[in-house]
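Structure assessment
The primary structure of each chain is shown beneath.
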Amino acid sequence: MTSIDLNADLGEGFGRWRLTDDEQLLSVVTSANVACGFHAGDAVTMRRVCELAAARGVRIGAQVSYRDLAGFGRRAMDVPAAELTAEVAYQIGALEVFARAAGTLVSYVKPHGALYNRAVHDEEQATAVVAGVLLADASLPVLGLPGSRLLEAAGKAGLEPVTEAFADRAYTDEGTLVPRGQEGAVITDPEAVVERSLGLARDHAATARSGARIEVEARSLCLHGDTPGAVELARRVRERLESSGVRVEAFV
């Protein structure tokens, strides 16, 4: 039977401000990418999400980012490799404290936003992220885009590279994500997202923005938690997958 992991970006709040419906999304997804304080999140939020995830048996991942609260981690930044390595390890370590307190562990690492996209093609930044993971915990898998420098660097370093797909993002013909600033980068039609999810999980393929069919081999499917109607959409995606014979389970 075909299987797929469902992951979502959670804990994306700060202080009194909350962006994601963490509790409801944790009833749907199998892996939670928890913001570690650099693009969103704070100590109280991180602790709360870890406790909720542990209670539901959802795997916890450290969603590491450039230090960019004001830009939600989506602004391009030039961070020296040594500094980025230290900051990635710092974020993983901070989340690990709360995961352990909740009776579980950090199970994987996934970069966020601008760092995620930069590590697709920038070997230096990708290597720095991997070095940060090694510094924090050399047993952690790394989640990223198929064919990216990040997953290549992770594999070379002895970490497990885990491929990921996006049901609500447009792809280029090369299999990379269309930048958010471009028209049509985010797919907003719920039915299109649901059917795209099934195609990615079952057929390992998607339609690029140009209309071309591209192969997308992925073990995990990302459902963004910061889009309107995210919870209901996530439920529809999971229901469609399971009713079509796709087993939804964590990759780790």
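See the structure above.
Treat the numbers as computed from the prediction; the structure is a model and nothing was measured.

What counts as what
Residues numbered from 1 in each chain as written. Predicted model: local features only at pLDDT ≥ 70, side-chain atom pairs only at ≥ 80, totals over all residues. Heavy atoms only, no water. Axes fitted to C-alpha atoms, helices over the stretch in contact; angles between N-to-C directions. Helix = DSSP H or I, 4+ residues; strand = E, 2+ residues; numbered from the N terminus. Parallel < 35°, antiparallel > 145°, perpendicular 65-115°, else oblique. Left-handed = near helix turned anticlockwise from the far one by under 90°. Contact = heavy atoms within 4.5 Å. Nonpolar A, V, L, I, M, F, W, Y, C, P; charged D, E, K, R; others polar. Salt bridge = Lys/Arg side-chain N within 4 Å of Asp/Glu carboxyl O. Buried < 20%, exposed > 50% of the residue type's maximum accessible area, 1.4 Å probe, protein only. Patch = residues over 30% accessible without salt bridge, like charges linked within 9 Å, V, L, I, M, F, W, Y side chains within 5 Å. Areas by Shrake-Rupley, 256 points an atom, 1.4 Å probe, with all protein chains shown as cover.

**Considering the packing of helix H7 (residues 190-203) against helix H8 (residues 230-243)**
Packing of H7 against H8 leaves a shortest axis separation of 9 Å and a crossing angle of 40°. Taken together, the axes of H7 and H8 are oblique relative to one another. As for how H7 packs across H8, the hand of that crossing is right-handed. Side by side, H7 and H8 meet where Pro190, Glu191, Val193, Val194, Glu195, Ser197, Leu198 and Ala201 of the first sit next to Leu233, Arg236, Val237, Arg240 and Leu241 of the second. Looking at the contact of H7 with H8 residue by residue, the classes come out as eight nonpolar, one polar and four charged.

**Some points on the pattern of salt bridges**
Note that side chains of opposite charge can pair when their charged atoms are close. Per the counting criterion, the structure on display carries 18 salt bridges. Lys156 is paired through a salt bridge with Glu152; the nearest N and O atoms lie 3.3 Å apart. Here Lys156 pairs with Glu152, and both are found in helix H6 (residues 149-156), just four residues apart, close to one helical turn. A relative accessible area of 66% means that Lys156 is categorised as exposed. By relative accessible area, Glu152 is classed as partly exposed at 35%.

**Concerning unusual backbone geometry**
Residues other than glycine seldom take positive phi values, yet Phe72 does so here, at roughly 55°. Take Phe72: its relative accessible area is 12%, and that puts it in the buried class. Backbone geometry at His204 places phi at a positive 55°, although glycine is not the residue there. As for its position among the elements, His204 is in the loop between H7 and strand E9 (205-207).

**Overview of a nonpolar patch on the surface**
Where nonpolar side chains cluster on the molecular surface, the patch consists of Phe14, Trp17, Leu19 and Leu69 and spans about 370 Å² of accessible area. The residue Leu69 is located in the loop between strand E5 (59-64) and helix H3 (81-101) in this model.

**Some details on the packing of H3 against helix H5 (residues 123-136)**
The interhelical angle for the contact between H3 and H5, taken along N-to-C directions, is 40°, at an axis separation of 7 Å. Our classification of the angle between H3 and H5 gives oblique. For the pair H3 and H5, the crossing hand works out as right-handed. Residues Ala81, Leu84, Thr85, Val88, Ala89 and Ile92 of H3 touch H5, and the partners they reach there are Glu124, Gln125, Ala128, Val129, Ala131, Gly132, Val133, Leu135 and Ala136. Class assignment of the residues belonging to the contact of H3 with H5 gives a composition of eleven nonpolar, three polar and one charged.

**Here's the deal with the environment of Val97**
Locating Val97 in the fold gives a position in helix H3. Judged by its relative accessible area of 52%, Val97 is exposed. For the pair Val97 and Cys50, spaced 47 residues apart in sequence, the C-alpha to C-alpha distance is 9.8 Å.

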